[in-house]
Amino acid sequence: AEVEETFKRILAHKGVVGVIIVNFDGIPIRSSFADSSLTVQYCALIQQLAHKSRSAIRDLDPGNDLTFLRIRSKKNEIMVAPDKDYLLVVVQEPCDQP
Amino acid sequence: NPHLKSEQSEFAAAGGPESPRSSPKREAGVGAKKLTVSQVTQTTVVAKETVNYCKETQTMNLEPERDVLTYDESEREGEGVNAAEALAELQRMPHVQELVAAGAAADGAAPVAAEPEKPRELSDEERQQILLSESFVRFFDKTARVMERALAEDVDIFIDYSGGSGDTELGETAKQQVKQQRVFYDDRWSRNRCVTALDWSPHFPELCLAAYNANEDAPQEPDGVVCVWNVKFRKDSPEFVFHCQSPVTSACFAKFHRNLIVGGTYSGQVVLWDNRTPRRTPVQRSPLSSTAHTQPVLSVCVLGSENAHNLVSASSDGRLCTWSLDMLSQPQETLDLQRQNRPVPATCLDFAPSDANHFVVGSEDYSMYTGCRHGAKAGIMDALDGHQGPVSAVATHRATGPVDLGHIVLSASFDWTVRLWSLRDLGTVHVFEETSDYVMDLCWSPVNPALFCAADALGRLDFWQLNLDTEQAAARAQCDAAVNRCRFSDSGLLLGAGDHLGRLTVFELADSLASPRQEEWKLLGRTLHELKQATAELAAAEQDPPGVGPIR
């Protein structure tokens, strides 16, 4: 219930296009995208990227670990918060505001 | 993620033998030997499956097959669940199809492509299970907080012309003495609730807590709510939300424990919240017995030093209890404040800044009392009369500096005045009569010895600078609703004001107002002296002493 509430609050944030919670297998547990193929696509691609970034960070310094990943593109921004077992992915569109 | 890593490495390892395996198959000769090698790898995969059995409950059946698939597609019809693998397969689809056509060995592209769909449809109940599992809740709690901060912050950095400055509002405060920085309001937790307590965290200067009363419109929601807000980030939701069954009437951060929040409730219970645990209800509660409090707890504070500290709580029947933070099952000491053998109907309590022994308490019977907790005459020592209405707030001088001003006390009352007292001669030093409604709360600035703020029921916040002008407020700010509580942050630059509609407004003070000048202390001493003389003359002229005790 609290999870739902927080999920909806994140979704209701300005500019947010979608939120996905992925588990370590790459299965989306909860997704706000109506299109499931898009969800699957995001899951697969983002998980690979998160895994690769995590490996890169750990290879550079074994004591280090990835805490947050932000991909800024021309049209939107993908924010990934990785954890040991899960992944929270939020896609946000920048809204120009003073 | 150890699973992915090991799988992928094994896949890479299996990818080696795989290609030479397929070509020898075509050559039809060496294949058999390679098959035995692959069987060896299969057994290692099986061992790995048992590990997965321990962890998963429902997806057990799928996973081993997936693992088998990645290494040896010839053995079974693979159901590839691993998204990374699936994608890799998808990308290599034409090649895999060739392999399928060539021999029955490597299959898996088409079934793999189909398979990623199946587990996702299957796991609807699993999804619910996962969503309710504790590890997920913990992950989501932390991550959602971070994500919300990240969401609220962005947009600014890529605008070329603004130069990437985050806070553009600071430049404007120079023009105005007091500027409203932001309003904290949560639709679910602070709607229709009056702010009853405010405190700033001594450990993290950007955190402040607000305690709320009950929401009459929503009886099924918990009556007492405490929200911890973060001033540093732009996100609008509280960092932490705690609740309890009885309306919270006072709250404070535990000074020597960075994770604990103490609250006093309407029912007389003293409760303790811990922000390390994910639960929102108190971790410790004091009992509802006659040895503790039975009336609303109007003040809680942690006194003492790091190694020897106590929690002191006061309730409106004049009872002062001392607790140890480890054990709230019974108070260590109880002190009943009485005057002329009748309990003091206390409304507010404040301790002298460096003294855990002496305190000042304001009461509903229009007077203020000084008292001490220990000693031969523990209890009420002296009375300060003068107000013509119940005293709503008392504040002992907070700023520390070259001159000891611990004897200066301010009191606010429902008689529309704020009085400045000196405890040395137990008399009024000055009466501030600017306000035009009940004065609800006041607070000294912790850095500027001459600055204090008074909040009244019209929502007006008056900032008085004693060295500049004692007849008029130096700055004024307005809130939309009646302000119930106001508190300076520890830096002295921010002021939080909570009103009766559940809104917490944070005001930013201009540096010229908030920071003390070099000679502030000396000037204050002189100002106080002048005020005292003026009051004395006034008293002599009216022949009606405003305060009890010798003034001269």
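Before going into details, it helps to say that this report is about the structure given with it. (Residues numbered from 1 in each chain as written. Chains lettered and ligands numbered in written order. Predicted model: local features only at pLDDT ≥ 70, side-chain atom pairs only at ≥ 80, totals over all residues. Heavy atoms only, no water.)

### Some thoughts on unusual backbone geometry
Residues and elements named next belong to chain B.
And then number 1: Despite not being glycine, N192 shows a phi value in the positive range, around 65°.
And then number 2: Checked against the element boundaries, N192 lands in the loop between β1 (178-184) and β2 (195-200).
And then number 3: The phi dihedral of Q340 is positive, around 55°, even though this residue is not glycine.
And then number 4: Take Q340: it is sitting in the loop between β14 (338-339) and β15 (342-343). (Helix = DSSP H or I, 4+ residues; strand = E, 2+ residues; numbered from the N terminus.)

### Observations regarding the environment of L209(B)
All names here are of chain B.
And then number 1: As for its position among the elements, L209 is in strand β3 (residues 207-212).
And then number 2: Counting along the chain gives 30 residues from L209 to E239, while the straight-line C-alpha distance between them is 9.6 Å.
And then number 3: Leave out the neighbours within four places in its chain, and L209 touches A197, L198, D199, V226, C227, V228, A251, C252, F253 and I261. (Contact = heavy atoms within 4.5 Å.)

### Some details on the packing of aromatic side chains
And then number 1: The full count for this structure, using the stated rule, is 15 aromatic pairs over all chains.
And then number 2: Ring centres of Y86(A) and F136(B) lie 5.1 Å apart, and the angle between their planes is 80°; this geometry places the pair in the edge-to-face category. In this pair, Y86(A) sits in strand β5 (residues 86-92) while F136(B) sits in helix α9 (residues 134-153), so the two residues belong to two different chains.
And then number 3: Ring centres of F136(B) and F140(B) lie 5.7 Å apart, and the angle between their planes is 15°; this geometry places the pair in the stacked category. Here F136(B) and its partner F140(B) are both found in helix α9, four residues apart, which amounts to about one turn of the helix. We note that F136(B), like F140(B), is buried.
And then number 4: Clustering of aromatic rings is evident, with ring pairs tying together Y86(A), F136(B), F139(B) and F140(B). (Phe/Tyr/Trp six-rings, centres within 6.5 Å; stacked < 30°, edge-to-face > 60°. Buried < 20%, exposed > 50% of the residue type's maximum accessible area, 1.4 Å probe, protein only.)

### A few points about the pairing of strand β8 (residues 270-274) of chain B
A regular strand places its side chains so that they alternate between the two faces of the sheet.
All names here are of chain B.
And then number 1: The element β8 is largely enclosed, with a buried count of five among its five residues.
And then number 2: Both faces of β8 are covered, namely the face carrying V270, L272 and D274 and the face carrying V271 and W273.
And then number 3: Across five bridges, strand β7 (residues 260-265) lies against β8 in antiparallel orientation. By the bridge assignment for β8, G264 is matched with V270. (Pairing = 2+ DSSP bridges.)

### Brief notes about the nonpolar core
Residue and element names in this part refer to chain B.
And then number 1: Formed by 24 residues in total, the largest nonpolar core has its most connected members in L410, V418 and L420.
And then number 2: Going through the elements one at a time, β20 (391-396), β21 (408-413), β22 (418-422), β23 (427-432), β24 (439-444), β25 (451-456) and α11 (520-542) are the ones with two or more residues in this core.
And then number 3: At four residues, α11 tops the list of elements feeding residues into this core.
And then number 4: Beyond its immediate chain neighbours, meaning those up to four positions away, L420 contacts I408, V409, L410, G427, T428, V429, H430, F432, W444, L466, L528 and L531. (Core = buried A, V, L, I, M, F, W, Y, C linked by side-chain atoms within 4.5 Å.)

### Some thoughts on the sheet that holds β7(B)
Strand pairing in a sheet relies on backbone hydrogen bonds. The paired strands run either parallel or antiparallel.
Residue and element names in this part refer to chain B.
And then number 1: Spatially, β6-β7-β8-β9 is the arrangement adopted by the four strands of the open sheet, whose pairing is antiparallel. Only two strands of the sheet have a single partner each, and these edge strands are β6 (248-253) and β9 (284-285).
And then number 2: Both β8 and β9 contribute to a ladder of two bridges, which runs antiparallel. Each residue of the ladder has a partner; that of V271, found in β9, is R285.

### Concerning the pairing of β24(B)
Residues and elements named next belong to chain B.
And then number 1: Counting buried positions over the six residues of β24 gives six, a clear majority of the element.
And then number 2: Direction of pairing for β24 relative to β25: antiparallel, over a ladder of five bridges. Looking at β25, one finds that W444 is bridged to F452.
And then number 3: In this antiparallel pair of consecutive strands, β24 and β25, the connection spans six residues.

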